[in-house]
Amino acid sequence: MTSPIAVVGAGLVGAGWAIVFARAGHDVRLYDGDEKIRATALDGIRANLEGLQSFDLINDAGAVADRIAVHGDLASAVAGVSYVQESVFETIPVKHEVTQQLDEACSSETVIGSSSSGIPASAFTENLKGRSRCLIAHPVNPPYLVPLVELVPAPWTHSGVIDSTFELMESVGQSPIRIDREVEGFVLNRLQGALLNEAWALFEEGYASAGDIDKTVSEGLGLRWSFMGPFQTIDLNAPGGVSDYAARLSPLYHAVAESRTDPQRWSDALVACVEHERRQHVSAEGLKDRREWRDRRLMALAAHKAKASKKLGD
Ligand SMILES: NC(=O)c1ccc[n+]([C@@H]2O[C@H](COP(=O)([O-])OP(=O)(O)OC[C@H]3O[C@@H](n4cnc5c(N)ncnc54)[C@H](O)[C@@H]3O)[C@@H](O)[C@H]2O)c1
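Below or above, wherever it landed, is the structure these notes cover. (Residues numbered from 1 in each chain as written. Predicted model: local features only at pLDDT ≥ 70, side-chain atom pairs only at ≥ 80, totals over all residues.)

What to know about the sheet that holds strand 8 (residues 175-178)
Right, on to step 1. Strand order in the open sheet made by the 8 strands is 3-2-1-4-5-6-7-8, with mixed pairing throughout. Each having just a single partner strand, strand 3 (68-71) and strand 8 make up the two edges of the open sheet. Taken over all neighbouring pairs, the strand axes of this sheet differ in orientation by 25° on average, direction set aside.
Right, on to step 2. Bridging between strand 4 (residues 83-86) and strand 5 (residues 111-114) involves 4 bridges; their strand directions are parallel. Within strand 5, the residue paired with Gln-85 across the bridge is Gly-113.
Right, on to step 3. The strands touched by helix 1 (residues 12-23) within the sheet are strand 1 (5-8), strand 2 (28-31), strand 3, strand 4 and strand 6 (134-139), with strand 2 carrying the most contacts at an inclination of about 175°. (Pairing = 2+ DSSP bridges. Helix = DSSP H or I, 4+ residues; strand = E, 2+ residues; numbered from the N terminus. Axes fitted to C-alpha atoms, helices over the stretch in contact; angles between N-to-C directions. Contact = placed C-beta atoms within 7 Å.)

Examining the site of the ligand
Right, on to step 1. The local shell around the ligand holds 23 residues, among which Gly-9, Gly-11, Gly-33, Ser-117 and Asn-141 are the closest.
Right, on to step 2. Only helix 1, helix 5 (92-105) and strand 6 provide two or more residues apiece to the shell around the ligand.
Right, on to step 3. Its residues placed into classes, the shell around the ligand shows 9 nonpolar, 10 polar and 4 charged. (Near = placed C-beta within 6 Å. Nonpolar A, V, L, I, M, F, W, Y, C, P; charged D, E, K, R; others polar.)

A look at the pairing of strand 6
Right, on to step 1. Counting buried positions over the 6 residues of strand 6 gives 6, a clear majority of the element.
Right, on to step 2. Covered by surrounding structure in strand 6 are Cys-134, Ile-136 and His-138 together with Leu-135, Ala-137 and Pro-139, the residues of both alternating faces.
Right, on to step 3. Pairing between strand 5 and strand 6: 3 bridges, direction parallel. Of the residues in strand 6, the one forming a bridge with Gly-113 is Leu-135. (Buried ≥ 20, exposed ≤ 12 C-beta atoms within 10 Å, placed from the backbone.)

Overview of the nonpolar core
Right, on to step 1. Counting 52 residues, the largest nonpolar core has Ala-6, Val-8, Ala-18 and Val-84 as its most contacted members.
Right, on to step 2. With 8 residues, helix 1 is the single largest residue contributor to this core.
Right, on to step 3. Setting aside residues up to four positions removed in sequence, Ala-6 forms contacts with Arg-29, Tyr-31, Ala-77, Val-78, Val-81 and Val-84. (Core = buried A, V, L, I, M, F, W, Y, C linked by C-beta atoms within 7 Å.)

Re unusual backbone geometry
Right, on to step 1. The linkage connecting Asn-141 with the following residue, Pro-142, adopts the cis geometry, with an omega of -5°.
Right, on to step 2. By the secondary structure assignment, Pro-142 is in the loop between strand 6 and strand 7 (148-153).
Right, on to step 3. Despite not being glycine, Phe-186 has its phi angle at roughly 50°, a positive value.
Right, on to step 4. Looking at the element boundaries, Phe-186 is found in the loop between strand 8 and helix 8 (188-204).

Let's talk about the pairing of strand 8
It is a general feature of regular strands that their side chains alternate between the two faces of the sheet.
Right, on to step 1. In the sheet, strand 7 pairs with strand 8 via 4 bridges, with the strands oriented parallel. Bridge assignment links Leu-151 to a residue of strand 8, and that residue is Arg-178.
Right, on to step 2. For the crossover from strand 7 across helix 7 (residues 159-171) to strand 8, the handedness is right-handed. (Right-handed = clockwise from strand over helix to strand, strands pointing away.)

Things to note about the environment of Leu-42
Right, on to step 1. Structurally, the position occupied by Leu-42 is in helix 2 (residues 35-54).
Right, on to step 2. Leu-42 gets classed as partly exposed once you count the C-beta atoms within 10 Å, which come to 18.
Right, on to step 3. Taking the C-alpha atoms as reference points, Leu-42 and Ile-68, 26 residues apart in sequence, are found 8.1 Å from one another.

Structure, rendered in structure tokens:
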């Protein structure tokens, strides 16, 4: 018997979380402070569930949607739930206000996870009575298609809270990782940042177009990265494994790192150049359709990965 879950904030990420929990059989109470968002949230969720069904990723979109109820009152949304996934705006004042409301409204047993992309839990939970039940549970967008969740404790988060959230995330089909202590950007956005900063720099210095830099990932690095990470990759790229790779190539990577000791901001002029190149391929009005295309590609990839894992193992 699965217990109900509350999702607070029904924007892009909150609506995605509602799908994750409802797909796994939980009743979901979805709350948002904005009436317009509440009125339309279920329509978007139903469309995404239809997409999942069309790729055989769920059996019954209607049954999953029926488990999601939109609430206009925070206290009723969180009554009796064991877990709340907070997914409101990414600012410290809003996170603080909402987490304080949650701390007061929830039973003392309820765990409060935040979708925060970069603000650590210590920045908005320090003065709360129930601060030891708060943690970051940072998803990737959209969470029902990209399963990674970064679990990050504040210094006062109870270790049992990390353990129970890890179990919950695995039980709903997500792939949680534990980050042992707070670090800006957590792990995912630090890795993404390293790649992005290098991509902007290479473009700015005129080594390649934005399109060719993108292609380096979509037709190169990204193919392996969709099923294994950087350490697994290099372990297979030298006959003697990771130590052999390090012996052969660490001087190259060290030289590359030394050439970037003075990180630059992404200047307005630089951003405008990449914006110009991107808009030749997708118009500003076409971005919404392109996001839907991305989600369909992710659905196809999720279906392929499930099949390949069964046949070939992970
Ligand atoms: N979009 C992404 O790619 C992504 C990925 C991972 C994590 N996140 C994180 O998830 C969180 C939500 O991001 P999003 O992209 O869904 O934003 P969003 O703007 O789409 O949704 C935020 C929702 O929170 C609601 N909200 C704001 N203040 C509120 C309040 N006081 N009470 C109740 N509801 C309130 C808003 O009405 C809105 O619907 C942020 O912390 C963000 O950093 C986003």
